[in-house]
Amino acid sequence: MTTSETDPVRVRPFVWAVLPGLVLIVLGLLVFFSVLDSVREQDDLSNLDEPVLEWLVAHRTSGWTAVLATITFLTGPVVMPVGVAVGCVVWARAAQEWWRPVLLAGATAGAALLGLTVKGLVARPRPPSETMFVLGAPHTASFPSGHTLGTATFLLVAGYLVCSRRPSPGLIVAWGLATVIGTVLVGLSRLYLGFHFVTDVVAAVALAVVVLGVVSIIDRRHTGRLR
C-alpha cells in the first residue's frame, strides 16, 4: 500500500477542504433553530427575554447609556457598511491583493441580507416601545439582531482570513478575545437600549457562525490550502 493510498488529504481533498466549514454551518444552524423554536414555543431560552429586558431598563445610567448608544450607532446600518467598505479598500491596496478583502465585504453584505430575510420570515415584534432608548425608531422586525449579526460576522470572518494565513497562538487568542468582547458589547447595547431580546442576540451570533462556515468553504476551495 502506497503513501498516497493511505493519506486522507490526498484521497479526499474536497472533504478535508469543506469539513471545517460544514461543521460550523451545522453547529450554527442547530443553535439558531433551537433558539427559534424557543421563541415560537415561549419556553427555554426565551424565558430570559422579558426578565433581562426589564432588569436592564430598570438599571440604566447616563454613563452606560452614552457608551452603549455610541456603540450601537457605530455598528448600525449607516456607519458600519461604510467603515467595512473603506477598510476593505485600504486592505486591498496595502496588501496588494483582492481575494480576502472582497470575501470579507461579501460576507458582511451577505449577513445583512440574511438577517433581513430571516426578520421578514419570522416577523417577531420588537420589545415594547416604552422600553426603547430612541435613537430612531427601528422599522424592521426583532429576530435576529442585525447589529449583532453584522458585528459578529465581521469579527469572525476577518479573524479567520487573517489568522488562517498567520496562525500564531498569540494572534489567534488576541483576535478571539476581541471578537468575544466586541460581539458581547454590541449585543449588550441592543438589549440595554431596549431594541432586542436575548434570543434575538443569540440567534444573530449563531447565524454569524453559519456565515463563517460558508466563507471557510469558499476560501479553502479557492486557495486550495488545507489548513
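The structure this text deals with has already been given above.
An account of the accompanying structure is given in this report. Computed from a prediction, not measured in an experiment: that's the story for all the values here.

This part takes up helix α9 (residues 169-192). Taking 1.5 Å of rise per residue, the 24 residues of α9 would be expected to cover 34 Å, and the 34 Å separating its terminal C-alpha atoms lies within 8% of that figure. Taken as a whole, α9 has its buried residues at Thr 179, Gly 182, Thr 183, Val 186, Gly 187, Ser 189, Arg 190, Leu 191 and Tyr 192.

What follows covers helix α4 (residues 49-58). All of the buried residues in α4 are Asp 49, Leu 53 and Leu 56. Taken around the axis of α4, the buried residues stretch over an arc of 70 degrees, which confines them to a single face. Summarising the geometry of α4, the exposed residues directed more than 90 degrees from the buried face are Glu 54, Trp 55 and Ala 58. Elements in contact with the buried residues of α4: α9 and α10 (198-223).

A word on the packing of helix α6 (residues 79-95) against helix α8 (residues 146-163). Between α6 and α8, the shortest axis-to-axis distance is 12 Å and the interhelical angle comes to 15 degrees. With respect to α8, the element α6 is oriented roughly parallel. Relative to α8, α6 is oriented so that their crossing is left-handed. Judged by residue contacts, Met 80, Val 84 and Trp 91 of α6 engage Gly 150, Thr 151, Phe 154, Leu 161 and Val 162 from α8.

Once that is clear, we can look at the nonpolar core. In this structure, Phe 32, Leu 104, Phe 143, Leu 149, Val 157, Leu 161 and Val 215 are the most contacted members of the largest nonpolar core, which totals 29 residues. Sorting the residues of this core by element identifies α3 (13-41), α6, α7 (99-122), α8 and α10 as the ones contributing at least two each. A total of 8 residues in this core trace back to one element, the largest contributor, which is α10. Ignoring sequence-local partners within four residues, the contact set of Phe 143 consists of Phe 32, Val 35, Leu 36, Val 39, Val 118, Lys 119, Val 122, Arg 124, Thr 199, Asp 200 and Ala 203. Leu 68, Ile 71, Val 186 and Tyr 192 belong to the second largest nonpolar core, which has 12 residues in total.

What follows deals with the side chain of Ser 38. Of note, Ser 38 is situated in helix α3. The class for Ser 38 is buried, based on a relative accessible area of 2%. The contacts of Ser 38, once residues within four sequence positions are left out, are Asp 43, Asp 44, Leu 45, Ser 46 and Thr 199.

With that out of the way, let us pick up the environment of Phe 33. Residue position: Phe 33 is located in helix α3. Using a relative accessible area of 49% as the deciding quantity, one classes Phe 33 as partly exposed. Each C-alpha atom, one on Phe 33 and one on Ala 206, is 9.2 Å from the other, the two residues being 173 residues apart in sequence.

Further remarks concern unusual backbone geometry. In this chain, Phe 143 is followed by Pro 144 through a cis amide linkage whose omega measures 0 degrees. Here Pro 144 shows up in the loop between α7 and α8. Even without a glycine there, the phi angle at Ala 123 is positive, about 55 degrees. Structurally, Ala 123 is set in the loop between α7 and α8.

If you walk through the whole model with that rule in mind, you get 3 aromatic pairs. Ring geometry for Phe 32 and Phe 33: centres 5.2 Å apart, planes at 80 degrees, overall edge-to-face. On the numbers, 5.7 Å between centres and 45 degrees between planes, the contact of Phe 32 with Phe 143 is tilted. Taken together, the positions of Phe 32 in helix α3 and Phe 143 in the loop between α7 and α8 put the pair 111 residues apart, joining distant regions of the chain. Taking the relative accessible area as the measure of exposure, Phe 32 reaches 5% and is therefore buried.

Reading guide: rules and limits
Residues numbered from 1 in each chain as written. Predicted model: local features only at pLDDT ≥ 70, side-chain atom pairs only at ≥ 80, totals over all residues. Heavy atoms only, no water. Helix = DSSP H or I, 4+ residues; strand = E, 2+ residues; numbered from the N terminus. Expected span 1.5 Å × (residues − 1). Buried < 20%, exposed > 50% of the residue type's maximum accessible area, 1.4 Å probe, protein only. Arc of directions from axis to C-beta. Contact = heavy atoms within 4.5 Å. Axes fitted to C-alpha atoms, helices over the stretch in contact; angles between N-to-C directions. Parallel < 35°, antiparallel > 145°, perpendicular 65-115°, else oblique. Left-handed = near helix turned anticlockwise from the far one by under 90°. Core = buried A, V, L, I, M, F, W, Y, C linked by side-chain atoms within 4.5 Å. Phe/Tyr/Trp six-rings, centres within 6.5 Å; stacked < 30°, edge-to-face > 60°.

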